[in-house]
Amino acid sequence: MLTNTFCFIKGLSLQAEKRLWDLGVICWEDYLRGSINIFSSSKDQSIKEQLKVSITALQERSIDFFFSRLKNEQIVRLYPHFKDEMAFIDIETTGLSIGNDQITTIALYDGRFIKNYTNGKNLWEFVADIGKYSILVTYNGARFDLPFLRKFFNISLNQFHIDLCPVLRCLGFSGGLKKCEKLMGIKRQIQDMDGLQATFLWDQYQSYNDHEALHKLKMYNAQDVL
């Protein structure tokens, strides 16, 4: 996907990228091999030089190179190439007040395995585990999950971040994660549950040692990252 991308090249827009695709130039190697003659010779040379640098950057797995050049709605094109360095994360809390409310559970999915972290059990293991990943993926995490995690654990979380909320908005999907899922035809195992009900499950677990309520909360949290 990334090697089909031209819009991060200086002098090329999304419209120019589409024009190249329409002409059959669908990847970097196509452009470097061909002579399409739609740009000036100086611009053509500049594009070819930038593409050669991009190939080297991808071979060296320079995440910073692409994050600094791709706009947020295109940054997801990194996924097939850097998915082994990504962690999808989501938190559940006792409320929305960063600094006052508590994190109850965290779900982390790395594309292979899900790990749940529970307050009062293994929550602090998250701090060591999250350091293994270079890219964090969230839904609305720029406004909520990451600030909450930084404050709660007093950690920096300086990894690269992909927030899927603005990405999906650019594709015409707006609203919360579960609304977007329904618009896409994605069905959850646990239906008709939201963040408020998640707080009730935590209260049920805390008040009555209800492990069935905790299990349902962790399943709900895990489905967010899935």
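For clarity, every value in this text was computed on a predicted model and none was experimentally measured.

Rules of the game
- Residues numbered from 1 in each chain as written.
- Predicted model: local features only at pLDDT ≥ 70, side-chain atom pairs only at ≥ 80, totals over all residues.
- Heavy atoms only, no water.
- Helix = DSSP H or I, 4+ residues; strand = E, 2+ residues; numbered from the N terminus.
- Buried < 20%, exposed > 50% of the residue type's maximum accessible area, 1.4 Å probe, protein only.
- Contact = heavy atoms within 4.5 Å.
- Areas by Shrake-Rupley, 256 points an atom, 1.4 Å probe, with all protein chains shown as cover.
- Lys, Arg positive; Asp, Glu negative; His and termini not counted.
- Charge placed at Lys NZ, Arg CZ, Asp CG, Glu CD.
- Arc of directions from axis to C-beta.
- Pairing = 2+ DSSP bridges.
- Right-handed = clockwise from strand over helix to strand, strands pointing away.
- Polar contact = N/O pair within 3.5 Å; in protein donor to acceptor, adjacent residues only side chain to side chain.
- Axes fitted to C-alpha atoms, helices over the stretch in contact; angles between N-to-C directions.
- Parallel < 35°, antiparallel > 145°, perpendicular 65-115°, else oblique.
- Left-handed = near helix turned anticlockwise from the far one by under 90°.
- Nonpolar A, V, L, I, M, F, W, Y, C, P; charged D, E, K, R; others polar.
- Salt bridge = Lys/Arg side-chain N within 4 Å of Asp/Glu carboxyl O.

> How should I be thinking about the overall build of the protein chain in this particular structure?
What the protein chain contains, in helices and strands, is 11 helices and five strands. Going through the 226 residues of the protein chain one by one, you find that 45% of them count as buried. Counted over contacts in the protein chain with a minimum sequence separation of 6, partners at least 24 positions apart contribute 55%. Per element, the accessible surface of the protein chain, about 12400 Å² overall, is 50% carbon and sulfur. One finds the centroid of the 27 positive side-chain charges in the protein chain at a distance of 5 Å from the centroid of its 26 negative side-chain charges.

> It is not clear to me how helix α7 (residues 145–153) should be interpreted in this structure. Could you clarify?
Every α-helix carries 3.6 residues per turn, so stepping three or four residues along brings you back to the same face. What α7 keeps buried is the set D145, L146, F148, L149, F152 and F153. One face of α7 carries all of its buried residues, which in axial projection span an arc of 160 degrees. With its phi angle positive at about 55 degrees, N154 sits one or two positions after the end of α7.

> Which parts of the structure should I look at to understand the pairing of strand β5 (residues 160–163)?
One face of the sheet, then the other: side chains in a regular strand alternate in exactly this way. As paired elements, strand β4 (residues 135–138) and β5 share four bridges and run parallel to each other. When the sheet's bridge partners are listed, L136 is paired in β5 with H161. Handedness of the crossover is the feature at issue here: the chain leaves β4, passes through α7, returns alongside β5, and the resulting connection is right-handed.

> Whenever I open this one, the environment of D163 confuses me. Can you help?
Within the secondary structure, D163 sits in strand β5. Judged by its relative accessible area of 7%, D163 is buried. When the C-alpha positions of D163 and T138 are compared, they lie 5.0 Å apart, and in sequence the two are 25 residues distant. The contact partners of D163, leaving out residues within four places of it in the chain, are N72, T138, Y139, N140, G141 and A142. A polar contact of 2.7 Å, which involves the side chain of D163, links it to the backbone nitrogen of N140.

> Explain the sheet that holds strand β3 (residues 114–118) to me, please; I cannot follow it from the model alone.
Within a sheet, each strand pairs with its neighbour through backbone hydrogen bonds, oriented either parallel or antiparallel. In spatial order, the strands read β3-β2-β1-β4-β5; together these five strands make up an open sheet with mixed pairing. Of all strands in the sheet, those bounded by a partner on one side alone are β3 and β5. Sheet twist, expressed as the average angle between the axes of neighbouring strands with direction ignored, equals 25 degrees.

> Please explain the packing of helix α10 (residues 195–208) against helix α11 (residues 211–225) as it appears in this structure.
Between two packed helices, what matters for the description is the angle formed by their axes and the separation of those axes. Put simply, α10 and α11 touch, their axes get as near as 8 Å, and they point 150 degrees apart. In this view, α10 runs roughly antiparallel relative to α11, as classed from their interaxial angle. As α10 runs across α11, the sense of the crossing is left-handed. When α10 is examined against α11, the residues G195, A198, L201, W202, Q204 and Y205 are found in contact with a partner set consisting of H211, A213, L214, K216, L217 and Y220. Classifying every residue of the contact of α10 with α11 gives eight nonpolar, three polar and one charged.

> I'm lost on the side chain of D163 in this one. Help?
Although buried, D163 forms no salt bridge, and the nearest oppositely charged side chain, R169, lies 7.3 Å from it. A distance of 3.2 Å separates the side chain of D163 from the backbone nitrogen of G141, its partner in a polar contact. Here C165 takes part through its backbone nitrogen, which lies 3.0 Å from a polar atom of the side chain of D163.

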